[in-house]
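Geometric and topological summary
Take a look at the letters that make up each chain.
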Amino acid sequence: MILPENVSARRRMRPPRDEFILKEWICRTPEDTFALGKALGQGASPGAVFAFFGGLGAGKTALTRGIAAGLGYGGEVASPTFALVHEYRGGRLPLFHFDMYRISGWDDLYSTGFFEYLEENGVLAVEWSENIEGALPEGSVHITLEPLPDGSRRITAEGEGF
């Protein structure tokens, strides 16, 4: 994956799974977070699930805007807080952007259409994944966004072969 020069990265292999990768980036600005998302989107395959973990204002939507741009989507991308899911079509793959903040059980999750979207061979960006962690498909890339005292973000991704 090619990263912008101003985004630092660290990569480690975590045994015993050969394909399991842990990467960490420090993004100093929202533009850095967008650029990282764009790189993730450019490398995304059909069926990819990016599961975001992090509090309010951590940068989840900025990262999703970048993923959309990396997929070739040129329109506006907004947080799906009240809609629960936004669909972005027009890039090389569709992007389905979920907000699971208010999901508290299986009935809530089924009502979002989450499982149907998994079958569409698009890319899923799932905010507040901690609320549905047990339902995330195998192979999901878990991305933790952590604000740091200097205003930058530590973004850590764990997954297989991303």
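What counts as what
Residues numbered from 1 in each chain as written. Predicted model: local features only at pLDDT ≥ 70, side-chain atom pairs only at ≥ 80, totals over all residues. Heavy atoms only, no water. Helix = DSSP H or I, 4+ residues; strand = E, 2+ residues; numbered from the N terminus. Buried < 20%, exposed > 50% of the residue type's maximum accessible area, 1.4 Å probe, protein only. Areas by Shrake-Rupley, 256 points an atom, 1.4 Å probe, with all protein chains shown as cover. Core = buried A, V, L, I, M, F, W, Y, C linked by side-chain atoms within 4.5 Å. Contact = heavy atoms within 4.5 Å. Phe/Tyr/Trp six-rings, centres within 6.5 Å; stacked < 30°, edge-to-face > 60°. Lys NZ or Arg CZ within 6 Å of the ring centre and 35° of its normal.

**Thoughts on the overall build of the protein**
Within the protein, the secondary structure is distributed over four helices and eight strands. The helix and strand sequence of the protein, counted from the amino end, reads β-β-α-β-α-β-β-α-α-β-β-β. Evaluated residue by residue, the protein yields a buried proportion of 47% over its 162 residues. Of the roughly 8200 Å² of accessible surface on the protein, 50% is carried by carbon and sulfur atoms.

**Some details on the nonpolar core**
Phe-50, Phe-52, Ile-67, Leu-95, Val-123 and Ile-143 are the most contacted members of the largest nonpolar core, which totals 24 residues. Contributing elements (two or more residues each) for this core: strand 2 (20-27), helix 1 (30-43), strand 3 (49-53), helix 2 (60-70), strand 6 (123-127), strand 7 (141-147) and strand 8 (153-160). Discounting chain neighbours no more than four positions away, the residues touching Ile-143 are Leu-40, Phe-50, Ala-51, Phe-52, Phe-53, Leu-63, Ile-155, Thr-156 and Ala-157. Residues Val-49, Met-100, Tyr-117 and Leu-124 belong to the second largest nonpolar core, which totals 17 residues.

**Here we look at the packing of aromatic side chains**
The description of two aromatic rings rests on the distance between their centres and on the angle between their planes. If you walk through the whole model with that rule in mind, you get nine aromatic pairs. For the ring pair Tyr-73 and Tyr-88, a centre distance of 5.2 Å and an interplane angle of 55 degrees mean the geometry is tilted. Here the residue Tyr-73 occupies a position in the loop between helix 2 and strand 4 (85-88), and Tyr-88 occupies one in strand 4, the gap between them amounting to 15 residues. Judged by relative accessible area, which is 22%, Tyr-73 ranks as partly exposed. With a centroid separation of 5.3 Å and 85 degrees between ring planes, the pair formed by Phe-98 and Tyr-117 is classed as edge-to-face. Pair noted here: Phe-98 is in strand 5 (residues 95-99) and Tyr-117 is in helix 4 (residues 114-118), with a separation of 19 residues, a long-range link. Note on Phe-98: relative accessible area 0%, which makes it buried. Judged by relative accessible area, which is 12%, Tyr-117 ranks as buried. The ring of Trp-128 carries the charged tip of Lys-60 above its face, separated from the ring centre by 4.4 Å.

**Thoughts on unusual backbone geometry**
For Asn-121, which is not a glycine, the phi torsion comes out positive at approximately 55 degrees. Structurally, Asn-121 can be placed in the loop between helix 4 and strand 6. The backbone of Trp-128 sits at a positive phi, close to 60 degrees, despite the residue not being glycine. Inspection of the secondary structure puts Trp-128 in the loop between strand 6 and strand 7.

Don't take any of this as a statement about function, it's just geometry.
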